[in-house]
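Residues per chain, in single letters:
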Amino acid sequence: MDYNLEIVVQDAKDALSTIDDLEELSRLRNNLLSKKSQLGTARSSLATLPLDQRREIGAKIELARKEIESALAERRQLIEVRTRKEKLAADEIDITEWLESSTPARGHQHIVQRTRDELEDVFVGMGFSVNEGPEVETDWYNFEALNIPPAHPARGMWDTFYLDLGEPETVLLRTHTSPTQIRVMESGELPIYAVMPGRCYRRDTPDSRHLPIFHQIEGLVVDIGISFANLAGTIEDFTTAYFGAGIHSRLRPSYFPFTEPSAEFEITCTICAGSGCRTCSHTGWIELGGCGMVHPAVFEAVGIDSKRWTGFAFGFGIDRCAQMRYQIPDMRVLMENDYRFMKQL
Ligand code: FA5
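Owing to the predicted nature of the structure, the values given are computational and were not obtained by experimental measurement.

(A) Inspection of the overall build of the chain at higher detail. Scanning the chain from terminus to terminus reveals 13 helices and 9 strands. Over its C-alpha atoms, taken along the principal directions, the chain stretches across nearly 130 × 50 × 35 Å. A total of 345 residues make up the chain; the buried ones form 41% of that total. A separation of at least 24 residues holds for 66% of the contacts in the chain among residues at least 6 apart in sequence. Put simply, the chain has 37 plus and 52 minus side-chain charges, and the middle of one group is 9 Å from the middle of the other.

(B) Spatial organisation of the nonpolar core. Counting residues in hydrophobic clusters, the biggest one holds 41 residues, and the most contacted among them are Phe123, Phe238, Phe243, Phe314 and Phe316. Looking at this core, the elements that each hand over two or more residues are helix H6 (111-125), strand S4 (192-201), strand S5 (213-223), helix H9 (228-243), strand S7 (259-268), strand S8 (285-294), strand S9 (310-317) and helix H11 (318-325). The residues contacting Phe243, other than those within four sequence positions of it, are Phe238, Ile267, Leu288, Cys321, Met324 and Arg325. Counting residues in hydrophobic clusters, the runner-up holds 25 residues, among them Ala145, Ile148, Leu220 and Val302.

(C) Representation of the sheet that holds S5. The strand order S1-S4-S5-S9-S8-S7-S6 describes an open sheet built from 7 strands, whose pairing is mixed. The two strands at the open ends of the sheet, each matched to only one other strand, are strand S1 (129-130) and strand S6 (249-256). In this structure, S4 lies alongside S5, joined through 10 bridges in antiparallel fashion. Bridging from a neighbouring strand, Ala194 pairs with Leu220 of S5. The strands that H6 touches are S1, S4, S5 and S9; relative to S4, the one it contacts most, it runs at about 170 degrees. Contacts from helix H8 (residues 178-186) reach S4, S5 and S9, with the element oriented near 140 degrees to S4.

(D) Seen up close, the domain arrangement of the chain. We note that the domain assignment places domain 1 (5-91) and domain 2 (111-342) within the chain. Placing the centre of domain 1 and that of domain 2 at their C-alpha centroids yields a distance of 86 Å.

(E) Up close: the packing of H6 against H9. Put simply, H6 and H9 touch, their axes get as near as 10 Å, and they point 130 degrees apart. Judged by the angle between their axes, H6 and H9 are oblique. You can see that H6 and H9 cross each other, and the crossing is right-handed. Between H6, through Thr115, Glu118, Leu119, Val122 and Phe123, and H9, the contact on the second element is made entirely by Phe238, Ala241 and Tyr242. Classifying every residue of the contact of H6 with H9 by side-chain character gives 6 nonpolar, 1 polar and 1 charged.

(F) A look at the packing of aromatic side chains. Per the counting criterion, the structure on display carries 16 aromatic pairs. Judged by centre distance (6.3 Å) and plane angle (80 degrees), the ring pair of Phe128 and Tyr193 falls under edge-to-face. In this pair, Phe128 sits in the loop between H6 and S1 while Tyr193 sits in strand S4, placing the two residues 65 residues apart along the sequence. A relative accessible area of 7% means that Phe128 is categorised as buried.

(G) Focus on the site of the ligand. The local shell around the ligand holds 26 residues, among which Ser178, Asp204, Leu211, Glu287 and Leu288 are the closest. Asp204 has a polar side-chain atom sitting 2.7 Å from a nitrogen atom of the ligand. Between Gly289 and the ligand, the recorded distance is 3.3 Å, taken from a backbone N or O atom to an oxygen atom. Expressed as a share of its isolated accessible area of 670 Å², the protein-covered part of the ligand is 96%. At the level of elements, H8, S5, S8 and S9 are the ones that each hand at least two residues to the shell around the ligand. Top contributing element to the shell around the ligand by residue count: S8, with 5 residues. For the shell around the ligand, the per-class residue count stands at 10 nonpolar, 10 polar and 6 charged.

(H) Expanded view of helix H4 (residues 51-91). In this model, H4 (41 residues) spans 59 Å end to end at C-alpha, consistent with the 60 Å of a helix rising 1.5 Å per residue. Within the span of H4, buried status applies to Ile57, Gly58, Ile61, Ala64, Ile68, Ala71, Leu72, Arg75 and Ile79. Its buried side turned inward, H4 meets helix H1 (5-16), helix H2 (22-33) and helix H3 (38-44).

Thresholds applied
- Residues numbered from 1 in each chain as written.
- Predicted model: local features only at pLDDT ≥ 70, side-chain atom pairs only at ≥ 80, totals over all residues.
- Heavy atoms only, no water.
- Helix = DSSP H or I, 4+ residues; strand = E, 2+ residues; numbered from the N terminus.
- Buried < 20%, exposed > 50% of the residue type's maximum accessible area, 1.4 Å probe, protein only.
- Contact = heavy atoms within 4.5 Å.
- Lys, Arg positive; Asp, Glu negative; His and termini not counted.
- Charge placed at Lys NZ, Arg CZ, Asp CG, Glu CD.
- Core = buried A, V, L, I, M, F, W, Y, C linked by side-chain atoms within 4.5 Å.
- Pairing = 2+ DSSP bridges.
- Axes fitted to C-alpha atoms, helices over the stretch in contact; angles between N-to-C directions.
- Domains from an automatic or database assignment.
- Parallel < 35°, antiparallel > 145°, perpendicular 65-115°, else oblique.
- Left-handed = near helix turned anticlockwise from the far one by under 90°.
- Nonpolar A, V, L, I, M, F, W, Y, C, P; charged D, E, K, R; others polar.
- Phe/Tyr/Trp six-rings, centres within 6.5 Å; stacked < 30°, edge-to-face > 60°.
- Near = heavy atom within 4 Å.
- Polar contact = N/O pair within 3.5 Å; in protein donor to acceptor, adjacent residues only side chain to side chain.
- Areas by Shrake-Rupley, 256 points an atom, 1.4 Å probe, with all protein chains shown as cover.
- Expected span 1.5 Å × (residues − 1).

Here is the structure:
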C-alpha cells in the first residue's frame, strides 16, 4: 500500500474548498469515502497485510476518514449558512421604497354610501333625526302593520324574498324601509321627525333603474296639525337642497295602503334635462319615491291616537338619487364594482 494518507486528507480538503453547493458536496463525499476512493481502496487492501501492520494502518485510515468527514461537515455548514443569507437577501423587501417612489392610492367611500350620508345631512339640517331598522323583518312589520294584510292585492307591489325561518312566509328581507316607520312609532316618543335609511331587497330584474338589492331613505313626521302641505313643502325643500335650484319636482296621485292620500314624487330627469331619454322611458321625469299622509289604520296598529296626531311619510330610492345626482344612465354600474367607474366618483 503506497498511499500517503496525509496527502489524501490534504487533497480532500483542497477539493472541498472549491465546492459551493450541496449537490456537488454530496458528489465529492462519494468520491472521497466510497469503496473505490483512495481511502476505500486502502481499507480493502488491509486484508493483505500482516496483523500488526493491519491494526496500525487501519487506525491511520480511520483517523484520515474522520478528518475528511469533519472537513465535509464544516464545508456543509458553511454552504448552508451562505445559501440562507443569499436567500434572505433575495427575499428582502424595502418597505420604505414605495413611500419614496409614489403616493399610495387612497380608497374612498362608495358612491351609494356617500349619497346616503349626504341625504342624511340634508335631513338632519332640516331638523330630522336618523334611525335604522333591521334588514331581516317579519311579515308583520313589512306588511301587516302597514295596513297590508295577508292576501291583500297590494302585496304584489313588492316581489318579496322570504327566508326559510319559522312558519312559511313569515320572515323576509325587507322590501322597503317603511317597516322602520312602525318601529319608530312603536318606541312611543312623540312628536316624530325622523329619517330611516337602509338596504332593501326585491325580486326585481336588474335594469337601468332597478336593482334587486338597493337602498331607500324613509321619512316620517308625526305631530299635531301636520297636513299634506307640510309634506309637499318638505319634499320641495329637500329637492332644492339636494339637487339644486334647477331641478323641479312634482307629485302625482298614487296608491300605497299605508298612506291616504298617497303620491309619487318625481324629479326632472338629469340625464336628458327633461327632454326624454331611455333612462326616464322618454317621459323627462324620474320617480324618486312614494309619499302620503299616514293612514289611520297604521296609527291604530302602533297605538297612536289618529284623532289627535297626524303625520306624513315618504320613501325615496338612494341609488336613484345617486343616479340622478351624478347623471348615471344605468344604475347597474353601482353594483358591478368596476374600479374604472368607482374611481371617477
Ligand atoms: C315604497 O317602497 C314605499 N315604501 C314608499 C313610501 C314610503 C310610500 C312612505 C309612502 C309612504 P316604491 O315601491 O314605489 O315605494 O319604492 C320607492 C322608491 O324606491 C322608488 O321610487 C325607487 O326610487 C326606489 N326603488 C324601488 N324599487 C327599486 C329597485 N328595485 N331598485 C332601485 N330602486 C328602487
